[in-house]
Amino acid sequence: MDATRSLQISVIGAGEPPPEAIPLAEEVGRELARRGAIVVTGGLAGIMEAVCRGAKEAGGTTIGILPGTDPRDANPYVDIAICTGIGYARNLAVVRSGRAVIAVSGAFGTLSEIAHALGDGIPVIGLSTWTLSRNGSVDTSIEVASNPADAVDRAFRAAESRDYAAVAARGEFR
């Protein structure tokens, strides 16, 4: 990665999560900010707000990619509100904006974001989130993290591996 740019990591999760997921998301946000990542979310409530709150507590930068057209819909911890006016279709923009995705808990919107990310080859790290099966067998496409710090470690490693793979594919070696 270009050392002059901050790494963007997308964090996805439900707007109405179970209470036990909120502290996990806050710690993910704090840990991402401590490590210098920019946090990208869907910009609304629940997990999105919790991760942004955690990031802001640690001095980080947050981006909220909103489904509507009013920046005032963003949670109060979003630094940069991007209004799309495209509803749930913005889920694709959320996951594509990160070099890796961390899914914390989640509802059906989160599941759609996971599917978009995996379909596009974007690494997904799961923290108390969905498990997948395919043709009757467990699908291990979501890398399971044991805690928030582990999720961030895994996301950074996945993002770095993804960048190396892109450089290698172009034949650019240092």
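Residues numbered from 1 in each chain as written. Predicted model: local features only at pLDDT ≥ 70, side-chain atom pairs only at ≥ 80, totals over all residues. Heavy atoms only, no water.

What about the packing of helix α1 (residues 21–34) against helix α2 (residues 47–57)?
Packed helices, taken two at a time, are described by their axes: the angle between them and the distance between them. Keep this limit in mind: Note on definitions: angles span 0 to 180 degrees between N-to-C directions of axes, and those axes are lines fitted to C-alpha atoms, for helices only across the stretch in contact. Under the scheme used here, helices are H or I runs from DSSP no shorter than 4 residues and strands are E runs no shorter than 2 residues, and both carry numbers assigned from the N terminus. Roughly parallel means an angle under 35 degrees; roughly antiparallel means over 145; roughly perpendicular covers 65 to 115; every other angle is labelled oblique. In this scheme the crossing of two helices becomes right-handed for a clockwise turn of the near helix relative to the far one and left-handed for an anticlockwise turn of less than a right angle. Pairs of residues are marked as contacts when any of their non-hydrogen atoms sit within 4.5 Å. Each residue is assigned to one class: nonpolar for Ala, Val, Leu, Ile, Met, Phe, Trp, Tyr, Cys and Pro, charged for Asp, Glu, Lys and Arg, and polar for all the others, Gly among them.
Look at α1 against α2: their axes get within 6 Å of each other, and the N-to-C directions meet at 40°. Classified by the angle between their axes, α1 and α2 sit oblique to one another. The handedness of the crossing between α1 and α2 comes out as right-handed. Seen from α1, the contacting residues are Ala21, Ile22, Ala25, Glu26, Val28, Gly29, Arg30 and Ala33; seen from α2, they are Ile47, Ala50, Val51, Arg53, Gly54, Ala55 and Glu57. Considered class by class, the residues forming the contact of α1 with α2 number nine nonpolar, two polar and four charged.

A few points about α1
Here is the rule: In this analysis, the expected span of each helix is defined as 1.5 Å times one less than the number of residues it contains. Only protein chains enter the accessibility calculation, which uses a 1.4 Å probe. A residue is then buried if its area is under 20% of the maximum for its type, exposed if over 50%, and partly exposed in between.
Along its 14 residues, α1 runs 20 Å from first to last C-alpha, staying within 8% of the 20 Å computed at 1.5 Å per residue. The complete set of buried residues in α1 reads Ala21, Ala25, Glu26, Val28, Gly29, Arg30, Glu31, Leu32 and Ala33. Taken from the residues just after α1, Gly36 is the one with a positive phi, measuring 85°.

What to know about the packing of aromatic side chains
The line we're drawing: The aromatic pairing rule takes the rings of Phe, Tyr and Trp, using the six-membered ring of Trp, and pairs them if the centres are within 6.5 Å, calling planes under 30 degrees apart stacked, those over 60 edge-to-face and the rest tilted. Working rule: Lys NZ or Arg CZ, within 6 Å of ring centre, within 35 degrees of ring normal, means a charge sits over the ring.
Within the structure shown, the criterion is met by one aromatic pair. Plain terms: the ring middles of Phe108 and Trp130 are 5.7 Å apart, the flat faces sit at 35° to each other, and that makes the pair tilted. Pair noted here: Phe108 is in helix α4 (residues 108–119) and Trp130 is in the loop between β6 (124–127) and β7 (132–134), with a separation of 22 residues, a long-range link. Classification of Trp130 as partly exposed rests on a relative accessible area of 26%. Lying over the aromatic face of Phe156, Arg35 brings its terminal NZ or CZ to 5.9 Å of the ring centre.

A few points about the pattern of salt bridges
To keep things clear, this is the line we draw: Basic side-chain nitrogens of Lys or Arg form a salt bridge, by our definition, when they fall within 4 Å of a carboxyl oxygen of Asp or Glu.
What the rule picks out here adds up to 14 salt bridges. Across the salt bridge formed by Glu31 and Arg34, the nearest N and O atoms sit 2.7 Å from each other. Of this pair, Glu31 and Arg34 are both found in helix α1, three residues apart, which corresponds to roughly one turn of the helix. Across the pair Arg134 and Asp139 runs a salt bridge whose closest N-O atoms are separated by 2.6 Å. Given the relative accessible area of 53%, Arg134 is considered exposed. By relative accessible area, which is 14% here, Asp139 ends up buried. Connected through shared salt-bridge partners, Glu27, Arg30, Glu31, Arg34, Arg35, Glu57 and Asp153 make up one network.

Comments concerning the sheet that holds strand β1 (residues 8–12)
Our working definition: DSSP-based pairing: two strands are paired if at least 2 bridges between them are found.
Strand order in this open sheet of seven strands is β4-β3-β2-β1-β5-β6-β9, and the pairing throughout is parallel. Of all the strands in the sheet, just β4 (80–83) and β9 (142–144) have a single pairing partner and so form its edges. Across this sheet, the average inter-strand angle for adjacent strands is 25°, counted without regard to direction. Relative to β6, strand β5 (residues 101–104) is paired through four bridges, and the arrangement is parallel. Residue pairing across strands places Val104 opposite Leu127, the latter belonging to β6.

Keep in mind these numbers describe shape, not what the thing actually does.
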